[in-house]
Amino acid sequence: MSNSTARTLPILVGIDGSAEAEAAARWAATYAEKVHATVRLVHAVPVGDWYGSAEFVDGGALERDLRAMGRKQLVRAQGAIHDVAPTVTVETVNVDGTIASYVADTGAEMVVLGSRKSSAIRDLTLGSNSLRVVTHAHCPVLLLRGESERKEAGRPIVVGIDGSEQSDRALGIALELADNMGTPVVAVNYWGFAAQPGLGTGFDGVDWVSVGEHEKLWLERHVGKMHEKYPEVTLTTVSAQSSPTRGLRAMSVSASMLVVGSRGRGVLRGAILGSVGQNLVHHADCSVLIVR
């Protein structure tokens, strides 16, 4: 994302005919109107012999039907956008392949996907769709909880801070979003090493009060530097002894959005999306923005 007034890259929205995707399109349109960006709606149809379609459907009739259905879904989503942001420029794209492969080869300001909290069945969809998009995209990916559209007014954007380059970028984007949307930001840091098995705050060898004061001071100084770029944004901090996953999931109950870096300082630093991000994608109560 850039700090310029007008955006040269579009906001991409994955469209699949679901209510969640339509909510994602409306959110993208509302934000695009504020930052003068184009919205590009993308519907994808798998190619090749998927689920045996080439074997059981003569002449690729199923694929043609899916493309026709996709065009109708794109028109419906475009109409939903015009209802909330009639001046926003909307592009529609019906592609062969997957959303993940499309975003891997396409520049974008942001990718927005409709999402819901996980279940055993939803895990299959998330594993093959949303997480692949996060892995392949070169820009932030917002997994928008459809139900959050109705309850996010006045709720803060919560951003996880751990001192890594990715979390600093996440903070910058969270502040920019908040500046455009008139939303407060809560920057949180969880020093989870005190919660490790066998240690805990009762360990006599550590002055946990001093540790807590040090962590709080570090967080305030760290985020204060970036806050200077967005002085109109109300920014508060939370520094607590907890695991990042537990702490952020608890914060998601009262947040409009969680913003986290795709990698942090943990043991999975080499992964595209670490354990904290994966947990939040599946289980957070609000929308989750993953920042590369």
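As the structure is a computational prediction, the values presented were derived from the model and not from experiment. (Residues numbered from 1 in each chain as written. Predicted model: local features only at pLDDT ≥ 70, side-chain atom pairs only at ≥ 80, totals over all residues. Heavy atoms only, no water.)

**Some points on the overall build of the protein**
Phase 1: Looking only at helices and strands, the protein features 10 helices and 10 strands.
Phase 2: Taken over 292 residues, the protein has a buried fraction of 47%.
Phase 3: Carbon and sulfur atoms form 52% of the exposed surface of the protein, whose accessible area is close to 13,900 Å². (Helix = DSSP H or I, 4+ residues; strand = E, 2+ residues; numbered from the N terminus. Buried < 20%, exposed > 50% of the residue type's maximum accessible area, 1.4 Å probe, protein only. Areas by Shrake-Rupley, 256 points an atom, 1.4 Å probe, with all protein chains shown as cover.)

**Some details on the sheet that holds strand S8 (residues 235-240)**
Phase 1: Taken in spatial order, the 10 strands of this open sheet run S3-S2-S1-S4-S5-S10-S9-S6-S7-S8, and their pairing is mixed. Lying at the two open borders of the sheet, with one neighbouring strand each, are strand S3 (90-96) and S8. In this sheet, adjacent strand axes meet at a mean angle of 20 degrees when their direction is disregarded.
Phase 2: Taken together, the 3 bridges between strand S1 (residues 11-14) and strand S4 (residues 110-115) define a ladder with parallel strand orientation. Across the sheet, the residue bridging to Val 13 is Val 112, located in S4.
Phase 3: Where helix H10 (residues 275-283) meets the sheet, its contacts fall on strand S5 (141-145), strand S9 (257-261) and strand S10 (287-291), and the angle it forms with S5 comes to roughly 30 degrees. (Pairing = 2+ DSSP bridges. Axes fitted to C-alpha atoms, helices over the stretch in contact; angles between N-to-C directions. Contact = heavy atoms within 4.5 Å.)

**Topic: empty space enclosed by the protein**
Phase 1: Evaluated as defined, the whole model comprises 1 cavity of 30 Å³ or more.
Phase 2: By volume, the largest cavity is sized at about 60 Å³.
Phase 3: Surrounding the largest cavity, Ile 15, Asp 16, Gly 17, Ser 18, Ala 21, Glu 22, Gln 73, Arg 76 and Ala 77 form its lining.
Phase 4: Where the lining of the largest cavity is concerned, the elements lending two or more residues are helix H1 (19-35) and helix H3 (61-84).
Phase 5: If one sorts the elements of the lining of the largest cavity by residue count, H3 sits on top with 3 residues.
Phase 6: Across the lining of the largest cavity, the residue classes tally to 3 nonpolar, 3 polar and 3 charged. (1 Å grid on protein atoms, 1.4 Å probe; cavity = no way out; pocket = protein on both sides within 12 Å on 5 of 7 lines; lining within 4 Å. Points joined across faces, edges and corners; volume = space filled by probe spheres on them. Nonpolar A, V, L, I, M, F, W, Y, C, P; charged D, E, K, R; others polar.)

**Brief notes about helix H9 (residues 244-251)**
Phase 1: Among all positions of H9, only Thr 245, Gly 247, Leu 248 and Met 251 are buried. Considered in projection along H9, the buried side chains sweep an arc of 165 degrees and stay on one side of the axis. Facing away from the buried side of H9, by more than 90 degrees, are the exposed residues Arg 246 and Ala 250.
Phase 2: Of the surrounding secondary structure, the elements contacted by the buried residues of H9 are strand S6 (157-160), strand S7 (185-190), S9 and H10. (Arc of directions from axis to C-beta.)

**Here's the deal with the nonpolar core**
Phase 1: Counting 48 residues, the largest nonpolar core has Val 13, Trp 27, Leu 41, Val 112, Val 159, Leu 177 and Val 259 as the members making the most contacts within it.
Phase 2: The element that contributes the greatest number of residues to this core is H1, accounting for 10 residues.
Phase 3: Ignoring sequence-local partners within four residues, the contact set of Val 13 consists of Ala 21, Ala 24, Ala 25, Ala 28, Val 39, Arg 40, Leu 41, Val 42 and Val 112.
Phase 4: Grouped together as the second largest cluster of nonpolar side chains are 32 residues, Val 42, Leu 113, Val 134 and Ile 290 included. (Core = buried A, V, L, I, M, F, W, Y, C linked by side-chain atoms within 4.5 Å.)

**A word on the side chain of Asp 162**
Phase 1: Position of Asp 162 among the secondary structure elements: in the loop between S6 and helix H7 (165-181).
Phase 2: At 2.7 Å, the side chain of Asp 162 and the side chain of Ser 164 are in polar contact. (Polar contact = N/O pair within 3.5 Å; in protein donor to acceptor, adjacent residues only side chain to side chain.)

**Some thoughts on the environment of Val 84**
Phase 1: Along the chain, the position of Val 84 falls in helix H3.
Phase 2: Along the backbone, Val 84 and Thr 30 are 54 residues apart, and their C-alpha atoms lie at a distance of 6.8 Å.
Phase 3: With residues near it in sequence (within four places) discarded, Val 84 still touches Arg 26, Ala 29, Thr 30 and Glu 33.

**A closer look at H3**
Phase 1: A rise of 1.5 Å per residue sets the reference length of H3, with its 24 residues, at 34 Å; its end C-alpha atoms lie 35 Å apart and thus fit the reference within 8%.
Phase 2: Looking at H3, one finds that the buried residues are Glu 63, Gly 70, Gln 73, Leu 74, Ala 77, Ala 80 and Ile 81. (Expected span 1.5 Å × (residues − 1).)

**Looking at the packing of H1 against H3**
Phase 1: Relative orientation of the contacting elements H1 and H3 amounts to 40 degrees, with a least axis distance of 9 Å. Taken together, the axes of H1 and H3 are oblique relative to one another. Crossing angle aside, the handedness with which H1 passes H3 is right-handed. Of the residues in H3, those in contact with Glu 22, Ala 25, Arg 26, Ala 29, Thr 30 and Glu 33 of H1 are Arg 76, Ala 77, Ala 80, Ile 81 and Val 84.
Phase 2: Grouping the constituent residues of the contact of H1 with H3 by class yields 6 nonpolar, 1 polar and 4 charged. (Parallel < 35°, antiparallel > 145°, perpendicular 65-115°, else oblique. Left-handed = near helix turned anticlockwise from the far one by under 90°.)

**Details of the confidence of the model for the protein**
Phase 1: Averaged over every residue, the pLDDT of the protein is 83; the share at 70 or more is 77%.
Phase 2: In the predicted structure, residues 194-201 sits below a pLDDT of 50 and forms 11 contacts with residues beyond four places in sequence or in another chain.
Phase 3: In the model, residues 264-272 has pLDDT below 50 throughout and makes 18 contacts with residues more than four positions away in sequence or in other chains. (pLDDT = per-residue confidence, 0-100.)

**As for the packing of aromatic side chains**
Phase 1: Using the criterion set out here, one finds 1 aromatic pair in the structure.
Phase 2: Seen from their ring centres, Trp 27 and Tyr 31 are 5.5 Å apart, and the 15 degrees between their planes marks the pair as stacked. A residue pair is termed a helical-turn pair when its members lie 3 or 4 positions apart in one helix, as Trp 27 and Tyr 31 do in helix H1 at 4 residues. Like Trp 27, the residue Tyr 31 is buried in the burial classification. (Phe/Tyr/Trp six-rings, centres within 6.5 Å; stacked < 30°, edge-to-face > 60°.)

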